[in-house]
Amino acid sequence: MAMKMVEGPRQRQEFQNFSEAVATAEREGGYPAALRAFEARVDSLSSSVVWRAHLELAECAKRSANVLQVKHHLAQALQAHSGPVQVWLEACRTLDELGELEECRTLLEQGLEHHSVSNEQLCLKLVRVYERLGDHGALRSLVSSLRTEPPEKTCKVLLEAVHSEVRAGNGEAVRPLLRCLMLRLPHQGPIYCEASRVDAILGHWKSALSIAEQGVKTCLKYGPLWFLLLRLVEKAYGARAVKEYAGFALKNICHELHWKVHFEVAAAFGRAGNLPESHESIGNAALSCPKHLRWKVWLLAARSELWDGSVETCRKLLAQAQFDAPSRVQVAVCIERARAEEFLDDLDEAREALRKAYACEGHDWKVYLEHIFMEARQGCLKAAKEITHTALELHPATGRLWSALVALEHSGEDSTGDAAMVAFRRAVREVPKSGEVWCEGARINMNPMVPHFNLGRAYKCLEFAVHLTPQYGDSFLELFRLRILLEMRIRMRKHPLAVGLLGVPPELHAQPQQETSALSAVDQGKLLPVAALVAQQVSDAMAAELKSADFAFTVGAEVGVAPGADGDCVGTGLPPFQLSQLEVLCAYADPNYGFLWLWCRQSALSTPKEVLARMTKEVTEDLLVGATRWAYAWAVACSLFGLGYNFRFSSGTTSGGLSPPDGQTVEQVQTAQECQSDPVARDYALGSMRLARCVAHCNIPLDRAERRRLIFGSDILCI
């Protein structure tokens, strides 16, 4: 039996004193000084604290990029006290952050040998590591070893394994396992929630609704299941059905949740445009809501009145929300008021509301971010940059502020993308774990008008972005755009002229070295017309397919950006992202923010699949209007044939403007800059050309629904 860890107040105080001493030493002299402080005090530490001390030193060594010492201290921590599960989990967390997944796997397997094989925490972590390594055979063996254990002890591990299989594309195969769990544990509400969610992700909406209905019959008081059911009912039958089901919910769930039920009904009627019914439910929500949360009800009501055109009523409700809101959330009400005034084209009042937000107690980076967005939406990019720099001085570790800076630089007048790339590299050094920043880096590398165009690096940036911040929706939408470009690349690579010059594509032949050796003997000037012809034919073929809605992706197109492509041989350390499973992976992440994501989300009920469908429409329109498709095609062709940036954008070449008309030579074609409708570098800064031009030019006509998404879509409030 594993030895239990006993720590009292004396041991906790002892470790706190040690931790403070090590932190002081590290600030003065880095890891070596911290190590000396550790060695001077280790003999006086209790045996139950030594393992924590080694973990503390491992963190110091990690910050100093001393991987060998990190592993040494982890080993010492396990040797000092291998009993508690927490020791193993902390060691695995550190190895995971270093990207040492194989060592993490070995350590977890040893931990399960040391403890019971059914230890829930270690098994959950091991399932996730197996998934990231792509070893589904080992994952299934682990699940099989739990067969004799009581399902009450293993249900969390089994559910995690089910989700792993669904993300791997084996969703239909694991649905029977979920049915079995529901039969074995009929009073476990979370199991019904997960089973319903899996069926919804797989597109079985009726089955998902049926599971949720079955669940609330046996788990009458489980609130999350009721709220899931209300959302599914609204999607299937509309707001009126939500009100009917809400009546059953109010009879069963605890009284503290009644206001949330009324809130959901009000929101459903608001989305349906039924304002009288929404008013009734808002009143019920306000009456049953705790006083410190009532401000949320007034904000919902204010938005409903704003959509209905009742401006004065909206302002009165915002004032009431301001009156009822506790001091710590006053800033949220000020931001909501600023958005409402901007929507009404009263910019002076909007800016005044933000000034009040800055004066609120506990205001943070969110006020600055909203101010940045507002100025950017008005085309005041210089003012937005100034606000961003001010915000970063106060909040230097906030990834969303850094990503805003990169996006603003990318949206500026710099046609080379150099300023954006400098900002991106600086941001990565400051906040390397920010998925938002990595997404901006991918956008720079997918911009066909700048010399930084590189699909391999864009792919790596998006891998990091999705892994580090999966709830950021823009990364998934950019992965879709990248998939289109990869499709263009792989079709060019399979073109007979490309095969003749470059050899058989790497995915069809085991000798990718042929590409470089063949091109080295060909003058780049002679490659230019070949690249132009290949680009034109592939571009035209894709355009015809997009117009006829007959476009289909090539299986395995992501092979084109495996490590080694585009002269970039350093991998990310992450398993290959399966672009063919993009919809499922996006649905699992369930993103809830992102400028592009909320621009493409039509309503709060839109599923990730529907948002991706909207992004498909945005990308298709971009590719079929103006010269965008040719800009992409020419950049991809130049990258494929090894033509430098000077060839891509020199005067008199197919530089991203118009594809060569019949009967004309490459030298007779206009450049992108000479065509009024042709794109420029900043048009690619936000993933959608229409959205980017709204920010850069501020004169793009938008309908009311689009203005709503543009202003209220940048939602950072939990309303």
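It should be emphasised that the depicted structure is a prediction, and the values quoted were computed from it without experimental measurement.

Quick word on unusual backbone geometry
Then, in step 1: The phi angle at Asp345 is positive, at roughly 65°, despite the residue not being glycine.
Then, in step 2: Take Asp345: it is sitting in the loop between α18 (330-343) and α19 (347-359).
Then, in step 3: What makes Asp345 exposed here is its relative accessible area of 58%.
Then, in step 4: We note that Ala549 has phi near 55°; this positive angle belongs to a residue other than glycine.
Then, in step 5: Relative to the assigned elements, Ala549 resides in the loop between α29 (524-547) and α30 (582-589).

Concerning the nonpolar core
Then, in step 1: If you look at the biggest cluster of nonpolar residues, it comprises 100 residues, and the most contacted ones within it are Phe424, Leu482, Met492 and Trp634.
Then, in step 2: In this view, Leu482 contacts Met446, Leu455, Ala458, Tyr459 and Leu462; residues no more than four positions away in its chain are not counted.
Then, in step 3: Ranked by size, the runner-up nonpolar core spans 88 residues in total, among them Trp51, Val85, Ala91 and Leu159.

Regarding helix α11 (residues 205-218)
Then, in step 1: The end-to-end C-alpha distance of α11, which contains 14 residues, comes to 21 Å, matching closely the 20 Å that a straight helix rising 1.5 Å per residue would cover.
Then, in step 2: Looking at α11, one finds that the buried residues are Ser207, Ala208, Leu209, Ile211, Ala212, Gly215 and Val216.
Then, in step 3: For α11, the secondary structure elements touched by its buried residues are α9 (171-184), α10 (189-201) and α12 (223-237).

A look at the environment of Arg491
Then, in step 1: Among the structural elements, Arg491 can be located in helix α26 (residues 473-493).
Then, in step 2: Accessibility expressed as a relative area gives 19% for Arg491, which makes it buried.
Then, in step 3: Taking C-alpha positions, Arg491 is 9.5 Å from Met542, a pair spaced 51 residues apart along the chain.
Then, in step 4: Non-local contacts of Arg491, meaning those with residues more than four positions away in its chain, are made with Val538, Met542, Glu545, Phe551 and Ala552.

Here's the deal with the pattern of salt bridges
Then, in step 1: For the structure shown, the criterion picks out 49 salt bridges.
Then, in step 2: Here Lys71 ties to Glu100 by a salt bridge, and the two come within 3.5 Å at their closest N and O atoms. Of this pair, Lys71 sits in helix α3 (residues 67-80) while Glu100 sits in the loop between α4 (85-97) and α5 (101-114), and the two are 29 residues apart along the sequence.
Then, in step 3: Judged by its relative accessible area of 25%, Lys71 falls in the partly exposed class.
Then, in step 4: Close ionic contact of Glu349 with Arg337 constitutes a salt bridge, the shortest N to O distance being 2.6 Å. Separated by twelve residues along the polypeptide, Glu349 in helix α19 and Arg337 in helix α18 bring together distant segments of the chain.

Overview of the environment of Arg197
Then, in step 1: Mapping Arg197 onto the fold places it in helix α10.
Then, in step 2: Distance in space between the C-alpha atoms of Arg197 and His163 is 10.0 Å, their sequence separation being 34 residues.
Then, in step 3: The residues contacting Arg197, other than those within four sequence positions of it, are Ala587 and Tyr588.
Then, in step 4: There is a polar contact of 2.8 Å between the side chain of Arg197 and the backbone oxygen of Tyr588.

Description of the packing of aromatic side chains
Then, in step 1: Per the stated rule, a full pass over the model turns up 14 aromatic pairs.
Then, in step 2: Between Trp307 and Phe343 the ring centres are 5.6 Å apart and the planes differ by 75°, which places this aromatic pair in the edge-to-face class. Of this pair, Trp307 sits in helix α16 (residues 294-308) while Phe343 sits in helix α18, and the two are 36 residues apart along the sequence.
Then, in step 3: Ring centres of Phe373 and Phe595 lie 5.2 Å apart, and the angle between their planes is 25°; on these two criteria the pair is classed as stacked. Of the two residues, Phe373 is situated in helix α20 (residues 365-377) and Phe595 in helix α31 (residues 595-600); the sequence distance between them amounts to 222 residues. Considered together, Phe373 and Phe595 belong to a single accessibility category, that of buried residues.
Then, in step 4: One aromatic cluster is present, built from ring pairs that chain together Trp307, Phe343 and Phe712.
Then, in step 5: Across the ring face of Tyr588, the terminal group of Arg167 is positioned such that the distance to the ring centre comes to 4.8 Å.

Observations regarding the side chain of Glu375
Then, in step 1: Along the chain, Glu375 turns up in helix α20.
Then, in step 2: Of the residues examined, Glu375 reaches a relative accessible area of 6% and is grouped as buried.
Then, in step 3: Among residues more than four places away in sequence, those in contact with Glu375 are Arg351, Cys380, Ala383, Ala384 and Ile387.

Conventions and cut-offs
- Residues numbered from 1 in each chain as written.
- Predicted model: local features only at pLDDT ≥ 70, side-chain atom pairs only at ≥ 80, totals over all residues.
- Heavy atoms only, no water.
- Helix = DSSP H or I, 4+ residues; strand = E, 2+ residues; numbered from the N terminus.
- Buried < 20%, exposed > 50% of the residue type's maximum accessible area, 1.4 Å probe, protein only.
- Core = buried A, V, L, I, M, F, W, Y, C linked by side-chain atoms within 4.5 Å.
- Contact = heavy atoms within 4.5 Å.
- Expected span 1.5 Å × (residues − 1).
- Salt bridge = Lys/Arg side-chain N within 4 Å of Asp/Glu carboxyl O.
- Polar contact = N/O pair within 3.5 Å; in protein donor to acceptor, adjacent residues only side chain to side chain.
- Phe/Tyr/Trp six-rings, centres within 6.5 Å; stacked < 30°, edge-to-face > 60°.
- Lys NZ or Arg CZ within 6 Å of the ring centre and 35° of its normal.

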